[in-house]
Amino acid sequence: MLGYPIINCMQIRQLLGRKRYLDPKPIDDLDLAAAKSIVDKFDAFIPLEYLESKEAIEHLKRKIPEFVRAYDNVRTQRLNVRTHKKKPPPDDFVKLLTNENKHETLLYEYVIKKLNVSTL
């Protein structure tokens, strides 16, 4: 592990609470299972890049209709912000983060499959 627990599966650590968030021990299969059971308790748990997908909107309309109304209001008021191209991180760093966050990726795939969203 990199020495910073927040870099290792940050979302899983957040779901499991402060004690586990700060624990330097790497995330394991038991932590992943516990995070999945927490995710299953939410009305909606949708990764941001899928927020505007047809499947996500339909799910939100069924589960949290007031969110969809509020989100539509915000979306119509959104400003166009100019984006800046950033230099990609080095390949070895990407490989290290990918390895450090393999359980995070598994949780992400679980959420996407549960939501029944087609991949981007």
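A short tour of the structure in this document, coming up. (Residues numbered from 1 in each chain as written. Predicted model: local features only at pLDDT ≥ 70, side-chain atom pairs only at ≥ 80, totals over all residues. Heavy atoms only, no water.)

**Some points on helix H7 (residues 102-115)**
One turn of the α-helix equals 3.6 residues, which is why residues spaced by three or four share an orientation. Here H7 contains 14 residues, and its C-alpha end-to-end distance of 20 Å stays within 8% of the 20 Å for a straight helix at 1.5 Å per residue. His103, Glu104, Leu107, Val111, Ile112 and Leu115 are the residues of H7 that are buried. Those residues of H7 hidden inside the fold are in contact with helix H1 (10-16), helix H3 (29-39) and helix H4 (54-63). Positive phi shows up at asparagine 116, right after H7, with a value of about 60 degrees. (Helix = DSSP H or I, 4+ residues; strand = E, 2+ residues; numbered from the N terminus. Expected span 1.5 Å × (residues − 1). Buried < 20%, exposed > 50% of the residue type's maximum accessible area, 1.4 Å probe, protein only. Contact = heavy atoms within 4.5 Å.)

**Overview of the pattern of salt bridges**
For the structure on display, the rule yields five salt bridges. For aspartate 40, the salt bridge goes to lysine 114, with nearest N and O atoms at 2.7 Å. In this pair, aspartate 40 sits in the loop between H3 and H4 while lysine 114 sits in helix H7, placing the two residues 74 residues apart along the sequence. A single network of salt bridges, built from pairs that share partners, joins Arg20, Asp23 and Asp31. (Salt bridge = Lys/Arg side-chain N within 4 Å of Asp/Glu carboxyl O.)

**So, the environment of valine 39**
Relative to the assigned elements, valine 39 resides in helix H3. Overall, valine 39 belongs to the buried group, its relative accessible area being 2%. Residues valine 39 and leucine 107, spaced 68 residues apart in sequence, show a C-alpha to C-alpha distance of 9.0 Å. Apart from the residues within four sequence positions on either side, valine 39 is in contact with Leu15, Phe45, Leu107, Tyr110 and Val111.

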